[in-house]
Each structure stands twice: as C-alpha cells, then as structure tokens.
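# An overview of the molecular structure
This is what each chain is made of:
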Amino acid sequence: MSRIDLQNYCMAFVDILGQRDAMRGEGLLPAFEKDGDEEKFRARIKNSVGQIVRLQEAAKHYLVDRPELSIRDQLTEEQREAYDESKRLRMKQQRWSDGLVLYTSMAGKTPMNAIFDIFGTAGGLCFMGLGQKEPLRGGIDISWGAELHEGEIYGAVVANSYELETIAQYPRIVVGNRVIQYLDSAIDHANEDEQAEQINKALAQICRAMVCMDTDGQHIINYLGETFTECFTKDNSAAMFSEAYGYASEQYELHRDARNAKLAIRYNWLLAYFEAHKAFHSGSK
C-alpha cells in the first residue's frame, strides 16, 4: 500500500432534514403499467431525490460564482498579490448520500480563503433551504484526514464534522471549538511582516465575525448577521429572510398543534434567532 498523505482539513458536513421520512415505505421500483404511472412516481420522489439534486446544484453555484470580497480594494499592490495567491486554494465538494461534504486542506499559509468559502456555502445553503422549505443542518470542524482519491476525503475530520451535524439537531450550522481556536490563533499570532499571514488574518477576522453563540452554548454560522449579509446574501437578504421566517413560523405552528414537543421547541429556538435579526432585515437597521 502506498504511503497515505495525512493532513489537517476543515470540513462542513451538511445534511438535508426529513429524508428518512420521505423514504419510509419505499421499496422496489414499481411497474409502470398504466399511462401516467411513471409521472406520478417521479412526482412523489420530487421531495426526496429532487432535494438532493437542488442542494448539489446550489453548492456548485457557490463554488463557481462566489462573490468577490470588497477587502481586495483596500489592499496595497503587494497585498493584492498575496490575496490573489491565497485564492488558489479553493473549497472542494464531495457528494454524500442525502447531503454534502465541503472541505479544504489546512496546508499552506493561507487556508482561510477556502474556509471562507465553506462558511459562506454552508451558511448560505442553510438560509436558502429554509426559504425553499427544504431545511438542512450541518457541522464544521478541523481534524486530520486523507484524500484517498481526488474529491474523496476520509478520516477524523469526517467523523467529527458529522458528530457536530447531529448536535445541530435543527436547521443551523454548528461550528466546532477547534475551528474557533484556529480562527482566534490566525488573528492573534499573524506575523506582521508576512503578507500571506496578514491576508489569512483578515479573512479569519471576517469568518470570526460570522459566528455567534446560540441559546444552548453552541457556536453557529450567523447567516442572518451583518457580516454574512455583506459578504454573501447582500441585496437578496430581505427576500430570503421573509421566505425563511415564514417557513420557520409554519413549522413551529405545525409541530405545536401536533403536540410534537421536540420539534416545536427546536423551531421555537429557530424563530427566536430570526426574531433577534428581524429589524436588521426589515430595513430598520
């Protein structure tokens, strides 16, 4: 066996909610004996397979069309060269059953560019998913791993980010302590004479500002916050907020009326998060 290249990676494990329920009772592909049988079956699986396809396409959009940061305009020519060099390391995407894995190697002096991509993609997909009535949750962690084949990651980083995804419980992106520690270290210990480390520091500061603490003490991507809005959702944020808030309200009322205490409580937490940012997204900032 050839020597495995082990590195530290940052990874987001993103999972669509409700897929187990959508697949309950499914078995063999039915025989399409009458006209319209196949169309009816395809319409039925639209809420399962269709969600996966839409998630993958949305993530691809973030990979290709990520908005340019205004930070570049504020840099000197030398700093811009270091910034442009940092952009060579990009987030990778791995399809994973009913979810996605977004990851990057931590090797090199400027991994923050790809981590910025991961934060924006995971947070943006979570926000957008609520508006599309296709909720998802996720977890982001840093641990060792190995890319056994191009685009196929394995190791502790998979297990640890998956564990954070389960800790998330409801539509949010939980950020692990190792990620917070890395961001703080990149900010506090950057060499002032190294342009690459200063770029890494600047991006770490932006990502740190995208994180807030939720009611249960977990750090999460604050996709409704000012920094995330300025970097990613921009002018689309108000419409996205309205759609997502409406869906979260519907789900809370649905589970409350059904006496589903577990889900009612979780969506009540989510509503509290939206309520805290309602004024910002209504224009009364």
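Residues numbered from 1 in each chain as written. Predicted model: local features only at pLDDT ≥ 70, side-chain atom pairs only at ≥ 80, totals over all residues. Heavy atoms only, no water.

## With respect to the packing of helix α10 (residues 237–257) against helix α11 (residues 261–276)
For the pair α10 and α11, the least separation of the axes is 8 Å and the interaxial angle reads 150 degrees. Put simply, α10 runs roughly antiparallel to α11. Here α10 and α11 pass one another in a crossing that is left-handed. For the pair formed by α10 and α11, the contact residues are Phe241, Ala244, Tyr245, Tyr247, Ala248, Ser249, Gln251, Tyr252, His255 and Arg256 on the first element and Leu263, Ala264, Tyr267, Asn268, Leu270, Leu271, Phe274 and Glu275 on the second. Residue composition of the contact of α10 with α11, grouped by class: 12 nonpolar, 4 polar and 2 charged. (Axes fitted to C-alpha atoms, helices over the stretch in contact; angles between N-to-C directions. Helix = DSSP H or I, 4+ residues; strand = E, 2+ residues; numbered from the N terminus. Parallel < 35°, antiparallel > 145°, perpendicular 65-115°, else oblique. Left-handed = near helix turned anticlockwise from the far one by under 90°. Contact = heavy atoms within 4.5 Å. Nonpolar A, V, L, I, M, F, W, Y, C, P; charged D, E, K, R; others polar.)

## What about empty space enclosed by the protein?
Per the stated rule, a full pass over the model turns up 1 cavity of 30 Å³ or more. By volume, the largest cavity amounts to about 50 Å³. As for the largest cavity, its lining consists of Tyr170, Pro171, Arg172, Asp214, Ile220, Tyr223, Trp269, Leu270 and Tyr273. Per element, the largest residue contribution to the lining of the largest cavity is 3 residues, and it comes from α11. Of the residues contributing to the lining of the largest cavity, the split by class is 7 nonpolar, no polar and 2 charged. (1 Å grid on protein atoms, 1.4 Å probe; cavity = no way out; pocket = protein on both sides within 12 Å on 5 of 7 lines; lining within 4 Å. Points joined across faces, edges and corners; volume = space filled by probe spheres on them.)

## Observations concerning the pattern of salt bridges
Enumeration according to the criterion identifies 9 salt bridges in this entry. The closest approach of N and O atoms between Asp216 and Arg172, which form a salt bridge, is 2.7 Å. Residue Asp216 is found in the loop between β7 (211–213) and β8 (219–221), and its partner Arg172 is found in the loop between α6 (156–168) and β6 (173–175); the two are separated by 44 residues along the sequence. Note on Arg172: relative accessible area 2%, which makes it buried. Two residues, Asp184 and Arg208, come together in a salt bridge whose shortest N-O distance is 2.8 Å. With Asp184 in helix α7 (residues 177–188) and Arg208 in helix α8 (residues 195–209), this pair connects stretches of sequence that are 24 residues apart. Via salt bridges that share partners, Lys92, Glu147 and Glu150 belong to a single interconnected network. (Salt bridge = Lys/Arg side-chain N within 4 Å of Asp/Glu carboxyl O. Buried < 20%, exposed > 50% of the residue type's maximum accessible area, 1.4 Å probe, protein only.)

## A word on the nonpolar core
Membership of the largest hydrophobic core comes to 54 residues, with the highest contact counts inside it found for Phe119, Ile140, Tyr223, Leu270 and Phe274. With 10 residues, the single largest contributor to this core is helix α5 (residues 112–131). Discounting chain neighbours no more than four positions away, the residues touching Leu270 are Leu130, Tyr170, Pro171, Tyr223 and Ala248. In this structure, Tyr9, Phe13, Val101 and Val157 belong to the second largest nonpolar core, which totals 8 residues. (Core = buried A, V, L, I, M, F, W, Y, C linked by side-chain atoms within 4.5 Å.)

## Concerning a nonpolar patch on the surface
On the surface, Ile4, Leu6, Trp144, Leu148 and Tyr154 cluster together to form a nonpolar patch covering roughly 560 Å² of accessible area. Structurally, the position occupied by Leu148 is in strand β4 (residues 136–149). (Patch = residues over 30% accessible without salt bridge, like charges linked within 9 Å, V, L, I, M, F, W, Y side chains within 5 Å. Areas by Shrake-Rupley, 256 points an atom, 1.4 Å probe, with all protein chains shown as cover.)

## Overview of the packing of aromatic side chains
Using the criterion set out here, one finds 13 aromatic pairs in the structure. Relative to Phe232, the ring of Phe228 lies with its centre 5.0 Å away and its plane at 35 degrees, an arrangement referred to as tilted. Here Phe228 pairs with Phe232, and both are found in helix α9 (residues 226–233), just 4 residues apart, close to one helical turn. Each member of the pair, Phe228 as well as Phe232, is classed as buried. Each ring, one from Tyr273 and one from Phe274, has its centre 5.9 Å from the other, and the planes form 85 degrees; the classification is edge-to-face. Members of the aromatic cluster, connected to one another through ring pairs, are Phe127, Tyr223, Phe241, Tyr245, Tyr273 and Phe274. (Phe/Tyr/Trp six-rings, centres within 6.5 Å; stacked < 30°, edge-to-face > 60°.)

## Focus: the pairing of strand β3 (residues 99–105)
Of all 7 residues in β3, 7 are buried; the element is thus mostly enclosed. On β3, burial covers both faces: Gly99, Val101, Tyr103 and Ser105 on one face and Leu100, Leu102 and Thr104 on the other are all buried. Across 7 bridges, strand β1 (residues 6–16) lies against β3 in antiparallel orientation. If you follow Ala12 over to β3, its bridge partner there is Leu102. (Pairing = 2+ DSSP bridges.)

## Description of α5
Here α5 is 20 residues long and its end C-alpha atoms lie 28 Å apart, about the 28 Å a rise of 1.5 Å per residue gives. Judged by how many residues are buried, α5 sits mostly within the fold: 19 of 20 residues are covered. Directly beyond the C-terminal end of α5, a positive phi value near 60 degrees is found at Lys133. (Expected span 1.5 Å × (residues − 1).)

These figures come from the coordinates and say nothing about function on their own.
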